[in-house]
Amino acid sequence: MKTVCVYQDPTMYGVHGITAAVKQQRKALRENGVEVKKKPEEPYDVIHINWPGPISYLRLKQAQRRGKMGVVFAHSGKDIEGGFTLSSYLEKPFIKWLSALYDSGDRIIAPSEYTKEMIADFGVDQSKTRVVSNGVDLSKVEYSEEGRQKYRERFDLNRPTVIVVGQVIPRKDITTFVKVASELPEYQFIWYGHRMNRLFMFDQKMDRAIKNSPENVQFTGYVEDIGAAFSSGDLFFFPSKEENEGIVLLEAAAHGLPIVTRDLPAYRGWLEDGRNCLKGGAKEEFVDLIRQIAENEDLKKELTEAAKETARRHGLKRIGKKYLEVYEEYMGS
């Protein structure tokens, strides 16, 4: 396999998991000696599409007509619910579109067994679906003392700090994040991440939670230096209610932050409660788990060391090799 086009749809908006996945696919392939193109310009052998839009679908079909292998990444599914304004009304037609889009691929790559099972429930052909993690760019989230000091000064962080990195959207459960923070005034809570225009992302419950946040909570909006953002924190708390894998948790693990998260099916098989993270569900559980880590250095060390090892197993070079295996298996068949 010499050349792969990892296509970035011109209609793809914002900074989120799919934009991160596109960058990581390109790097994973380059680390395995594959030439990567951003546009489907000859010569190339395979096209990756990630964004579930009509232009990506058109590029996929054009490539297939020219004899190229078409790979579709399954980034979206049930996570559409709570993803944007009116999502509950658009969920059924969107899932119908996703099913047709995914089935158009010669191979579909799902980031977890959970996602594979979910899209099978949509009617997607499981025989074409392969599970490959999104992986983590280990160089992106290296700890930086300089970055820590820069962001702690910039955002006036002077107490033990609980962080999140991710889009501010309802399904990430901002409401629980704020409620937990209100129970732990001795800690600062900071959410690094872009918040979309309220016309596109309107949710009364989330808006009230942000507006009425206690003094120990900050929502920063988009920040440029993701490494400094991770370095500024002492614990990573991710209460999201729905994920397909959770790239940001791999990044937090790689960085060496102890993790408290919700017990979601997408995490099974790589995030293990009591080994490389602590899992909860209700506000009271999250409060207790954060206190456990903050007050027990041995537990914190055990969790972070195991999390780092988990992240190393998801490094991009290994992920790129798995892409090559998917190509070779298809070509051989």
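Residue indices begin from 1 for each chain and proceed along its sequence in written order. Local features in a predicted model are, by the rule used here, given only for residues with pLDDT of at least 70; side-chain atom pairs are given and counted only at 80 or more, and totals for whole chains, interfaces and linings are based on all residues. The side-chain figures draw on all heavy atoms in the structure; neither hydrogens nor water molecules are used.

A look at the pattern of salt bridges
So the rule is basically this: Here a salt bridge means any side-chain nitrogen of Lys or Arg lying within 4 Å of a carboxyl oxygen belonging to Asp or Glu. Strands here mean DSSP runs of E at least two residues long; helices mean DSSP runs of H or I at least four residues long; both are numbered from the N terminus. Three exposure classes are used, based on accessible area relative to the maximum for each residue type with a 1.4 Å probe and protein chains only: buried under 20%, partly exposed in between, and exposed over 50%.
Under the definition given, this model contains 21 salt bridges. For Glu-309, the salt bridge identified is with Arg-312, shortest N-O distance 3.1 Å. Pair noted here: Glu-309 and Arg-312 are both in helix α11 (residues 297-312), with a separation of three residues, about one helical turn. The partly exposed category is assigned to Arg-312, whose relative accessible area is 44%. Through salt bridges that share partners, Arg-107, Arg-130 and Glu-329 make up one connected network.

So, unusual backbone geometry
When glycine is set aside, most residues are seen to have a negative phi, and most peptide bonds are trans. Look at the link from Glu-42 to Pro-43: it is a cis peptide, with omega at -5°. You can see Pro-43 is positioned in the loop between β2 (35-37) and β3 (46-49). Positive phi, close to 55°, is recorded for Asp-156, a residue that is not glycine. If you check the backbone angles, Asp-173 has positive phi at about 65° while not being a glycine.

Points about the sheet that holds β2
The line we're drawing: DSSP bridges decide pairing: two strands pair if at least two such bridges lie between them. An axis is simply a line fitted to the C-alpha atoms; with a helix, the fit covers only the stretch in contact. Between two such axes, the angle follows the N-to-C directions and lies from 0 to 180 degrees. It only takes one pair of heavy atoms within 4.5 Å for two residues to be counted as in contact.
Spatially, the six strands line up as an open sheet ordered β2-β1-β3-β4-β5-β6, and their pairing is parallel. With one partner strand each, in any of the chains shown, β2 and β6 (129-131) form the two edges of the open sheet. Adjacent strand axes in the sheet meet at a mean angle of 25° when their direction is disregarded. In terms of strand pairing, strand β1 (residues 3-6) meets β2 through three bridges, oriented parallel. Bridged to Cys-5 within β2 is Lys-37. Where helix α12 (residues 316-332) meets the sheet, it contacts β1, β3, β4 (69-73), β5 (107-110) and β6, and its direction lies at approximately 135° from that of β4.

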